[in-house]
Amino acid sequence: MALFLLIIVLICSRMDHGINKSVQNPMYICICKNVTDRQIRQAVFQQDVSNIRELRACLGACDQCGKCARDARGIIREAASEKMMMETHSAMAS
Ligand code: FES
């Protein structure tokens with residue numbers, strides 16, 4: 001039983017490490033312009049970027065080969081959704 005619990009603890013600690021690592025290390029989305037997922041999220045939260053055209057104007061991403069557009073669009077949508085949820089939550093709290 002103790003061995004089983006030890007294995008579960010080790011698996012959970014490895015999973016936690018993986019999650020924290022992905023949060024701490026930014027991932028390059030636009031290689032042509034060296035733009036990371038973190039920068040895209042910041043642009044959504046701080047500059048109100050809501051689409052690829054605005055991201056291009058803000059960070060210069062997605063204006064060369066365009067291979068990053070699909071991933072960038074997904075990150076914009078995800079961050080915009082998080083932002084909306086946070087705003088809704090804070091409005092309900094006040
Ligand atoms: S990877 Fe973003 S324009 Fe090429």
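Not measured: the values here are computed from a predicted model. (Residues numbered from 1 in each chain as written. Predicted model: local features only at pLDDT ≥ 70, side-chain atom pairs only at ≥ 80, totals over all residues.)

Considering the overall build of the protein chain
Of the regular secondary structure elements, the protein chain holds four helices and two strands. The helix and strand sequence of the protein chain, counted from the amino end, reads α-β-β-α-α-α. Here the protein chain holds 94 residues, and the buried ones make up 18% of them. (Helix = DSSP H or I, 4+ residues; strand = E, 2+ residues; numbered from the N terminus. Buried ≥ 20, exposed ≤ 12 C-beta atoms within 10 Å, placed from the backbone.)

Quick look at the confidence of the model for the protein chain
As a note on interpretation, predicted positions should not be read in detail where pLDDT is low. Overall, the predicted model of the protein chain reaches an average pLDDT of 84, with 76% of residues at or above 70. Contacts of residues 5–22 to residues separated by more than four positions or lying in other chains number zero contacts, the stretch itself having pLDDT below 50. (pLDDT = per-residue confidence, 0-100. Contact = placed C-beta atoms within 7 Å.)

Observations regarding helix α4 (residues 69–93)
With 25 residues, α4 should cover 36 Å at 1.5 Å per step; its first-to-last C-alpha distance of 36 Å lies within 8% of that length. Elements in contact with the buried residues of α4: β1 (28–30), α2 (37–47) and α3 (52–59). (Expected span 1.5 Å × (residues − 1).)

Quick look at the nonpolar core
Counting residues in each nonpolar core, the largest one holds 15 residues, and the members touching the most others are I29, C30, I40, L55, A61, A72 and I76. The residues contacting A61, other than those within four sequence positions of it, are C30, K33, V35, L55, R56, C68 and A72. (Core = buried A, V, L, I, M, F, W, Y, C linked by C-beta atoms within 7 Å.)

A look at the environment of I75
Here I75 is to be found in helix α4. On the neighbour-count criterion, I75 (21 C-beta atoms within 10 Å) is buried. In this structure, the C-alpha to C-alpha distance between I75 and I29, residues 46 residues apart in sequence, is 9.4 Å. In this structure, I75 is in contact with I29, D37, I40 and R41, ignoring residues within four places of it in sequence.

Here we look at the packing of α2 against α3
Packing of α2 against α3 leaves a shortest axis separation of 11 Å and a crossing angle of 100 degrees. As far as their axial angle goes, α3 and α2 are roughly perpendicular. When α2 is examined against α3, the residues Q39, I40, A43 and Q47 are found in contact with a partner set consisting of L55, C58 and L59. Classifying every residue of the contact of α2 with α3 by side-chain character gives five nonpolar, two polar and no charged. (Axes fitted to C-alpha atoms, helices over the stretch in contact; angles between N-to-C directions. Parallel < 35°, antiparallel > 145°, perpendicular 65-115°, else oblique. Nonpolar A, V, L, I, M, F, W, Y, C, P; charged D, E, K, R; others polar.)

Let's talk about the packing of α2 against α4
Contact pair α2 / α4: the axes reach a minimum separation of 9 Å and the direction vectors enclose 45 degrees. The angle between the axes of α2 and α4 places the two elements in the oblique class. Crossing angle aside, the handedness with which α2 passes α4 is right-handed. Where α2 abuts α4, its residues D37, I40, R41, V44 and F45 lie against A72, I75, I76, A79, A80 and K83. (Left-handed = near helix turned anticlockwise from the far one by under 90°.)

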